[in-house]
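Fold and contact review
As a plain string of letters, each chain reads:
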Amino acid sequence: MRAYADATSCPPGGTLRFTLLDATGPVRVDVHDATDDELLLTATAMGPLWTLTVPDGWRSTLCRAVFSGTEGTEEVWFVVRPAAQRRRILVSVPFATWQAYNRSGEPGEGLYFAEEATRATTVTFDRPGGGPPPERWEDGLLRWLRPAGYAVDYCSNLDLHRLGGALLRGYRLFVVNGHDEYWSKEMRDAVEAFTLAGGNVAYFAGNTAFWQARFDDGGRSMTCYRDAVRDPLAATDPARVTVEWSSAPVHRPENTMTGVSYRHGAGAWGDFMDVMKEAEYTVRFAGHWVFAGTGLADGDRFALGAVGYETDAALFEEVDGVPRITGRDGTPASFVILATADLRHWRHFGQGGHATMGVFRLGAGTVFNAATVNWGSALGQAAVDRITRNVLDRLSSTDAGGWEVIGPAPDMIALAAAEHRLFGLTTGGDLVHRELSGQNLAWRRIPGSAAGDPPVCLTAPREAVSGLAVGLYGVTRAGRLVYREPIVDAAGWVEVGAAPARTDAIAAGDGTLFAVDGDGCLWCLTLAALAAGDTTWTAIGPAGGVRAVTGASGLLFGVDGDGRIVTRPPVRAPLGWTPLTGPQPYTLLAGGVGGHLVGAAAGLPLAWREK
């Protein structure tokens, strides 16, 4: 006996029609919650059609209807989607990929088997099969969520195609799970718009959005030619041609949405799939919030068996022992590599490559990617559980702001940002630098920078004004105002004037230098005056207890005596400070780029936060 449903999802109160093929007598129907095997309903079907009216009390979940008759049994899978958004998290079920793997019907009915001459280019959902493949890549997470305390809503990824952004509206986090390989333009447009507007996405998945597909006949057929030569839309609508997303004529690498791609990932198939049982991730950024509470350190291995059978990766290079994305494959510059697995030896029996777990910002939203099909199978391992919780908790929260660790920090007395780099002054007087990014990059010392009378505070104007070049300005212990270019091989510090006595903090804003002296007084000097050779500072008044100051985006920011970040316009007149945060641990600030403040403090890692 064979059966199929007329849709992949249905809300409570809706009806779902099932077609039964070859049934000659009564057929028992058992509907189970596929996430925990709870029996939800038992009925008897007579004839070729059976209709289920989904009870109003059913929760949103993935269901499995089992049809049993004299001709055998058949399973049909469907989602009970919510009638309206109820939870913060929406989990997608990849029916499109399941259908691509389905080979029921005439030979060649599957889309997946790319090298077979008889492979289909269009398949229908009106046929038996179309459930999860035997490996059940999605099961691990689906069965873990509810016992772990997560109440979520479910959808079919065909719902995402049909409803687009309306489906995602109101959710904080959209979860892609397992093996979600076939995406339509409508699906991708909706997810990218959701993320750009501030929604978050977690890909506990691999081989994600590798192929573009089209859905026709009201969503009941799926087309994927896999080659522009055969696709008739190549001449009329190249953006919808069913090829790899990264290929011509689409030219839209999936990395821009997911951060990674199977193009540089790894795969093992058939008799060689057991190799993934030995594969593990290696931690590359243990200080990141994703690893909080895991007890893992950089270099530790974790998630045994989670890496495979297909993985995704971003192109990266090693810089001082730290992985840094290159961006050559379309991965966004904000992508932070958290863990890697070197699977290049898989080329001997499949596709060699890497797996790169990471996180990045896309517009106002955050995207996490576990970069492997098999993540769910490792749930139950303490580190994998903790990472999954960290991602779900943070990205589903309505308040996910605050400081985010971006790497180690030497013991510093001053911090500044210039030309997309961070510069710091160590307690020994050395000037150190690193790229300004979310990756945990190492600091590099500039040789000879501590010679003579080095600065004790540091700032950098955002742009050139009054004829003075953009660069690093500092004040030395002897009260000299000094300058140097913000490049590693620049000449040393050059004196350009004097500063208020015992200056221990300096900032730049609106063409003006601001200084805080040891008595807590705020001073100012315009760069125009400095360019004219006038180094007379003007006292503004008490600094309001602020000791650390920086300039960013037309404002001054400081840390007051209560540890609060405070702000005020860069005006040369007495004016109070407005608190931006409550007490926080960072005592040094730098105005970064991209709307960030960078913070440092003795004994703490370097961190940044959105202003």
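Everything below is about the structure printed above this text.
Treat the numbers as computed from the prediction; the structure is a model and nothing was measured.

How each quantity is defined
- Residues numbered from 1 in each chain as written.
- Predicted model: local features only at pLDDT ≥ 70, side-chain atom pairs only at ≥ 80, totals over all residues.
- Heavy atoms only, no water.
- Core = buried A, V, L, I, M, F, W, Y, C linked by side-chain atoms within 4.5 Å.
- Buried < 20%, exposed > 50% of the residue type's maximum accessible area, 1.4 Å probe, protein only.
- Contact = heavy atoms within 4.5 Å.
- Salt bridge = Lys/Arg side-chain N within 4 Å of Asp/Glu carboxyl O.
- Helix = DSSP H or I, 4+ residues; strand = E, 2+ residues; numbered from the N terminus.
- Pairing = 2+ DSSP bridges.
- Axes fitted to C-alpha atoms, helices over the stretch in contact; angles between N-to-C directions.

Quick word on the nonpolar core
Core analysis: the largest hydrophobic core is formed by 110 residues, its most contacted members being Phe 302, Phe 368 and Trp 375. Residues within four places of Phe 302 in sequence aside, it is in contact with Glu 280, Tyr 281, Thr 282, Val 283, Phe 291, Leu 296, Ala 339, Met 357, Trp 375, Ala 383 and Ile 387. Within the second largest apolar cluster, 21 residues are counted, among which are Leu 16, Trp 50, Leu 52 and Cys 63.

Concerning the pattern of salt bridges
Throughout the structure, instances matching the rule amount to 38 salt bridges. Between Glu 192 and Arg 188 there is a salt bridge, with its nearest N and O atoms 3.0 Å apart. Placement of the pair is Glu 192 and Arg 188 together in helix H5 (residues 185-196), with a separation of 4 residues, close to one helical turn. On the basis of relative accessible area, Arg 188 is assigned to the buried category, the value being 0%. Its salt-bridge partner being Asp 560, residue Arg 564 comes within 2.8 Å of it at the nearest N-O pair. Owing to a relative accessible area of 28%, Arg 564 belongs among the partly exposed residues under this scheme. The class of Asp 560 is buried, set by a relative accessible area of 8%. Each of Asp 37, Arg 64, Glu 75, Arg 136, Asp 139 and Arg 143 takes part in salt bridges that share partners, so that together they form one network.

Let's talk about the pairing of strand S7 (residues 61-69)
Along any regular strand the residues' side chains alternate between the sheet's two faces. Within S7, 7 of the 9 residues are buried, which leaves the element mostly enclosed by the surrounding structure. In this structure, strand S4 (residues 27-33) lies alongside S7, joined through 6 bridges in antiparallel fashion. The residue bridging Asp 30 from the neighbouring strand is Val 66, located in S7. Judged from the 9 bridges that link them, S7 and strand S8 (residues 72-80) form a sheet pairing that is antiparallel. Opposite Thr 61, over in S8, you have Val 80 as the bridge partner. Hairpin connection between S7 and S8: a loop of 2 residues separates the two successive antiparallel strands.

So, the environment of Gly 265
As for its placement among the helices and strands, Gly 265 is situated in the loop between helix H6 (255-258) and strand S18 (267-268). Overall, the relative accessible area of 0% leaves Gly 265 in the buried class. Every residue in contact with Gly 265, bar those within four places of it in the chain, is listed here: Thr 311, Asp 312, Ala 313, Gln 351, Gly 352, Gly 353 and His 354.

As for the side chain of His 354
Residue placement: His 354 occurs in strand S25 (residues 353-362). Ignoring sequence-local partners within four residues, the contact set of His 354 consists of His 264, Gly 265, Ala 266, Thr 311, Asp 312, Ala 313, Phe 316, Ala 341, Asp 342, Leu 343 and Arg 344.

Quick notes on the sheet that holds strand S2 (residues 9-10)
Taken together, 5 strands build an open sheet; the order of strands is S2-S8-S7-S4-S5 and the sheet is mixed. This sheet does not close on itself; its edge strands, each paired only once, are S2 and strand S5 (39-45). Where S2 meets S8, 2 bridges bridge the pair, whose relative direction is parallel. From the neighbouring strand, Ser 9 faces S8, where its bridge partner is Val 79.

Here's the deal with the sheet that holds strand S14 (residues 200-206)
Ordered in space as S11-S9-S12-S14-S26-S25-S23-S19-S20, the 9 strands form an open sheet in which the pairing is mixed. Each edge of the open sheet carries a strand with a single partner, namely strand S11 (153-156) and strand S20 (301-302). Taken together, the 2 bridges between strand S19 (residues 281-283) and strand S23 (residues 336-343) define a ladder with antiparallel strand orientation. Within S23, the position partnered with Thr 282 by the bridge is Thr 340. Strand contacts of H5: strand S12 (173-179), S14, S25 and strand S26 (365-369), with the helix running at about 135° to S14, the strand carrying the most contacts.

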